[in-house]
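Here is what each chain is made of, one letter per residue.
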Amino acid sequence: MTVAATRLPVIAICGTTGVGKSQLAVELALHLSKTAPNRAKIINADAMQCYAGMDIITNKMPEAQRHGVEHLLMGFKQPGEQYVVGQWVQDSMKAIEETHKQNKIPIVVGGTSYWIQHLLFPNRLSQSELHVPAGPPELSEDVVHNLASLPPELLDLFSSLPDHPPSASDDPTLALSLHKLLSRLDPEMAMRWHWRDTRKVLRNIEIVRETGRIPSLIAGEQSKERVKARYRALCYWLYAEPDVLNPRLDARIDEMIETGLLNEIKEMRRIATAGSNDDTSNRDTDYTLGLYQAIGYKEFHEYLTTQDPSDRLFHESVDSMKHSTRKYAKRQISWLRNKLLPVVNEANTEDFLTPTYVLDATELGESWRSRVLDPALRITDAFLDFRELPDPKGLSSAAARLLNIPRRPVDPISVLQARRKIICQTCTTDPEQPCMIEDGTQWEAHRTTKVHRRLASKGTRVQMQMMMQAEKQAERRMKRKTPQAPGSLGSHLPSVLVK
Ligand SMILES: [Zn+2]
């Protein structure tokens, strides 16, 4: 790509669900189109809205509200078709290039901030995230070596991994075995994840299987290169305070149900059932992935499969869907703050910035216009004209608070090492279920907890008693003049207590 091309603008809008991202994108596009007809195109960055149909569960903006603004990468995948982040990044890069060629401005908008981050800041994806793997990979020497040294039960586990991460509470044995397996394949990566974090543990083992390479070595390679922005991008984060957003999300779910959510879920179930009975379906079809991860599908599973379901079951399903939605919104905020912002900071250099603004979308109506739309129009105009931009932290108190993050390294290896876990020998009563604590502040905090201190003092007492017993035994032996091998005194103490 030439230098000139990288100077072409990209506007990105991220944020939680239910804050008016799509509306802002359309308003921005219409505003820009005042100077030239259809001057902007919207590129969808919502993993669920890539799928065709199912407009309610995927929260697609109704055609009428799009006001003729062209939306790309929207509704073009079939339910059950896999579509991974790397494929979307490739597709959206193409869409951006074509939009630029037409002298138009791409506005990337969606709740899948993870996608937007990898679009704006390249070189942080593993091979298996770049495309759906087409078959077994070639194994690297390290992987061959580590596999050869696995005990049979772990090798079996590696060749028949569970489809879904097990719950560590329901199946601690499997959770621990997976962690053991990861420790043998990639000790450095295993230190990073608690054995209870089965989703990450399993994901890393899958990376070994899909790429034939060791995940921490992939991270090491990526860390050699400093993160750089791919585009001259302007980034908006629409934020709403959770105590205001949550009731709004609840109300939206009630509305979704009224407008036919259950019919859509029934239709999805019908497609999945028909598809899984069809031998000719290709390997990219998986009815547990893609659209089938949309919030609501799983939550209504029991209700829709029970004969004569009760009202109570219905209300429980609704509550469960509301709960999942709130949790998702919380995760989205945490991603933006803890992942995206640090990467933006890291990539920023004196002569190449990615200006990033938090817009306070807590209130809708007039406040939304004055706090979200008006500043966005002003800032976008200034950005496109290469004029000076306002200080992001000065925009609102929410902006000042959310943008105030400590600077910390974001390269994959530093992230791995910063969050490595220590096994607390004191609190590990069952060696099969190690007590793992994150190094650093969490470890310091752990050492002052009541539980740890109580166990530590108990440990010391036991150690003292054992020392005294051992001494008495030694004295008795001395009296009996039994010859003693030097240093054998210590060997009476269990190794854990010796430190
Ligand atoms: Zn402890």
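Note that the coordinates shown come from a computational prediction; the quantities given were computed from them, not determined experimentally.

A. Region of interest: the sheet that holds strand β4 (residues 105-109). Here six strands make up an open sheet; going across it, the order is β3-β2-β4-β1-β5-β6 and the pairing parallel. Here the strands that pair on one side only, and so sit at the sheet edges, are β3 (71-72) and β6 (356-360). Direction of pairing for strand β2 (residues 40-44) relative to β4: parallel, over a ladder of five bridges. Counted as the bridge partner of Ile43 is Val108 from β4. Against the sheet, helix α16 (residues 366-384) contacts β1 (9-15), β4, β5 (232-239) and β6, and its axis sits at roughly 175° relative to β5.

B. Structural context of the pairing of β2. Here β2 lies mainly inside the structure; five of its five residues are buried. Where burial is concerned, the two faces of β2 agree: the one with Ala40, Ile42 and Asn44 and the one with Lys41 and Ile43 are both buried. Bridge analysis of β2 against β3 gives two bridges, and the strand direction is parallel. Following the sheet pairing, Ile42 is matched in β3 by His71.

C. View of the environment of Arg387. The topology assignment puts Arg387 in the loop between α16 and α17 (397-403). Look past the residues within four positions of Arg387 in its chain and what remains in contact with it is Asp381 and Ala382.

D. Highlighting the coordination of the zinc ion. The coordination sphere of the zinc ion contains the protein donors Cys424 (SG), Cys427 (SG), His446 (NE2) and His452 (ND1), at a distance range of 2.0 to 2.2 Å. Coordination at the zinc ion is tetrahedral, judged from the four donor atoms that bind it and the angles of 102 to 119° they form at the metal. One chain supplies every donor for the zinc ion, spaced along it as C-x2-C-x18-H-x5-H. A single burial state applies to Cys424 and to Cys427, both of which are buried.

Reading the values: rules and limits
The numbering scheme is per chain: residues are counted from 1 as the chain's sequence reads. In view of the model being predicted, local features appear only for residues whose pLDDT reaches at least 70, and side-chain atom pairs are presented and counted only at 80 or more, with totals across whole chains, interfaces and linings using the full set of residues. Where side-chain values are given, they derive from all heavy atoms of the structure, hydrogens and water being excluded. Paired strands, in this sense, are two strands between which DSSP finds at least two bridges. Counting from the N terminus, the helices are DSSP H or I runs at least four residues long and the strands are E runs at least two residues long. Residues are treated as being in contact if the distance between any of their heavy atoms lies within 4.5 Å. A fitted line through C-alpha atoms serves as each axis, taken over the contacting stretch for helices, and the angle formed by two N-to-C directions is quoted from 0 to 180°. For each residue, the accessible area found with a 1.4 Å probe, counting protein chains only, is set against the maximum for its type, and the residue is called buried under 20%, exposed over 50%, and partly exposed in between. The donor definition counts N, O and S atoms within 2.8 Å of each metal and applies 3.2 Å to Na, K and Ca; water is not among these atoms, so some sites may look incomplete. Geometry assignment treats four donors as tetrahedral when all angles are between 85 and 135 degrees, treats four as square planar and six as octahedral when opposite donors are over 155 degrees apart and all others between 65 and 115, and treats everything else as irregular.

Remember, this is a structural readout, not a statement about activity or role.
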